[in-house]
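One-letter residues, chain by chain:
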Amino acid sequence: MKVYNDFFGPYGGRYVAEVLHGPLAELEEAYKAAIADNSFREELDRIRREYIGRPTPLLYAENATARIGGGRIYIKLEGLANTGAHKVNNVVGQALLARRMGKRRIIAETGAGQHGLAAAAVCARLGLECVVYMGEVDIDRQRPNVFWMELFGATVVPVGSGSRTLKDAVNEALRDWASSFTSTHYLLGSALGPSPYPDMVREFQSVIGRETRQQLEEAGVNAEALVACVGGGSNSIGFFSPFIEETTPRLVGVEAGGRGRGAGNHASRLSGEGRPGIVHGYKSLFLLDDDGQVLPTHSVSAGLDYPGVGPQLAALGEAGRIEFLTATDSEALAALKFFAATEGIVFALESAHAGAAGMKIARSWPKDRSVVINMSGRGDKDLFIAARELGAANWAEFLKAEAARCESR
Ligand SMILES: *Cc1c(COP(=O)(O)O)cnc(C)c1O
């Protein structure tokens, strides 16, 4: 069996400045050696159990199923992982690898802050220095995560170039790494970027799919579809990973439909308007204008508005193994409300896109068929957005009063 892939059909590769070829080759060698090493795998298993809280549960959502009146809905509760989302699975893998390589300093990019948060937390736990690059616009939008990252001891570096969002943070992280790689590991947060990142991140996230497969077997459930949201693609590829080589179940990726069609309104690359290109060191499908410039994106969920998608997903989409759908902002918000009311679970806004698509699939099915939705994260982090969007009239009053309380301290 091949342990490692650098191309997926036409996509993937390593399109970086000369100076980064050495560090990427070193990382690839270290990664291959680590995953073949029992002591590495044992330590990874231990930290998954003791620190992340794995395995995360697989829930039969019986109330939601009854209310919809179609197929059975199961939910993989990945959001119960420590730090609130699947990101931590990849972070612990790469952080252990960095430590094994003798790198004591970790750099990471973050958009909404979930990857930065997981990196900061795991670095605190493992005694590593952590620097997180984050666009100024994102810092303004995601204060709570900045607060927690700094509490974990990380340095959050504001990025003021370009659109001052995630793609600029990636550029800054790559720039740092080009001059710091002897002491520093670049802990990239999704299944994209130059090789070996896409395949390495898939491997570390595949724990989601392996657990789900075992939990379905134990429950005697034959799932006919798996549904996951797709930002860069790490939770989806990890969830799908053990099933890719088989013809069943249906694998469904859900992209951000945002406000609807048209540039700047969504982040639908595979189900919409993506074009082949090379950005951030890898070839894949991106939202680009006619001159090849990266287009702006929009989603109510901060984690799904990246303009590109992991190369393996792009290839599997074109090969027809993975279907891609979209859910709009309002469909995601409706799904968040629905699962909160029926099951007492708060989906992250990203994951609520998968929730919305899963509900649609279940609705169109008879009662003897089963769909599994990956709840990639829990929604605590989205309190500010959800409270605003779902029209809690009291929320602004509360925030004003809270500001006054802060100032009078
Ligand atoms: C970051 C994030 C995503 C999107 O990233 P992927 O790499 O596509 O998984 C989805 N859900 C949550 C909760 C996230 O934090």
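The structure displayed is predicted, hence computed values, not measured ones. (Residues numbered from 1 in each chain as written. Predicted model: local features only at pLDDT ≥ 70, side-chain atom pairs only at ≥ 80, totals over all residues. Heavy atoms only, no water.)

**So, the site of the ligand**
The immediate surroundings of the ligand are formed by 17 residues, with Lys-87, Ser-190, Gly-231, Gly-233 and Ser-234 found nearest. Between the ligand and Gly-232, the relevant distance is 3.2 Å, taken from an oxygen atom to a main-chain nitrogen or oxygen of the residue. Between the ligand and Asn-235, the relevant distance is 2.8 Å, taken from an oxygen atom to a side-chain nitrogen or oxygen of the residue. When the ligand is considered free in solution it has 380 Å² of accessible area, and contact with the protein chains removes 96% of it. In a pocket analysis with a 2 Å cut-off to the grid points, the ligand is assigned to the largest cavity. The residue inventory of the shell around the ligand, partitioned by class, reads 4 nonpolar, 11 polar and 2 charged. Each of domain 1 (7-50 + 87-202) and domain 2 (53-84 + 206-389) gives at least three residues to the shell around the ligand. (Near = heavy atom within 4 Å. Polar contact = N/O pair within 3.5 Å; in protein donor to acceptor, adjacent residues only side chain to side chain. Areas by Shrake-Rupley, 256 points an atom, 1.4 Å probe, with all protein chains shown as cover. 1 Å grid on protein atoms, 1.4 Å probe; cavity = no way out; pocket = protein on both sides within 12 Å on 5 of 7 lines; lining within 4 Å. Sits in = over half its atoms within 2 Å of the grid points. Nonpolar A, V, L, I, M, F, W, Y, C, P; charged D, E, K, R; others polar. Domains from an automatic or database assignment.)

**Topic: the pattern of salt bridges**
Side chains bearing opposite charge may pair, as long as their charged atoms lie close to each other. Under the criterion given, the structure shown has 33 salt bridges. Between Arg-105 and Glu-129 there is a salt bridge whose closest N-O contact spans 3.9 Å. Within this pair, whereas Arg-105 is found in strand β5 (residues 105-110), its partner Glu-129 is found in strand β6 (residues 129-135), the two being separated by 24 residues in sequence. Residue Arg-105 is classed as buried on the basis of its relative accessible area, which comes to 18%. (Salt bridge = Lys/Arg side-chain N within 4 Å of Asp/Glu carboxyl O. Helix = DSSP H or I, 4+ residues; strand = E, 2+ residues; numbered from the N terminus. Buried < 20%, exposed > 50% of the residue type's maximum accessible area, 1.4 Å probe, protein only.)

**Here's the deal with the pairing of strand β12 (residues 282-286)**
Taking burial as the measure, the 5 residues of β12 include 4 buried ones, the bulk of the element. Two elements, strand β11 (residues 275-279) and β12, share 5 bridges in a ladder whose sense is antiparallel. Paired with Val-279 across the strands is Tyr-282, a residue of β12. (Pairing = 2+ DSSP bridges.)

**Points about the layout of surface pockets**
Looking at the largest pocket, its volume works out to about 740 Å³. Forming the boundary of the largest pocket are 29 residues, of which Gln-142, Pro-144, Asn-145, Lys-381 and Ile-385 lie nearest the centre. It is helix α16 (residues 383-389) that provides the largest number of residues to the lining of the largest pocket, a total of 5 residues. Class assignment of the residues belonging to the lining of the largest pocket gives a composition of 13 nonpolar, 9 polar and 7 charged. Counting contributing residues, the lining of the largest pocket receives three or more from each of domain 1 (7-50 + 87-202) and domain 2 (53-84 + 206-389). (Points joined across faces, edges and corners; volume = space filled by probe spheres on them.)

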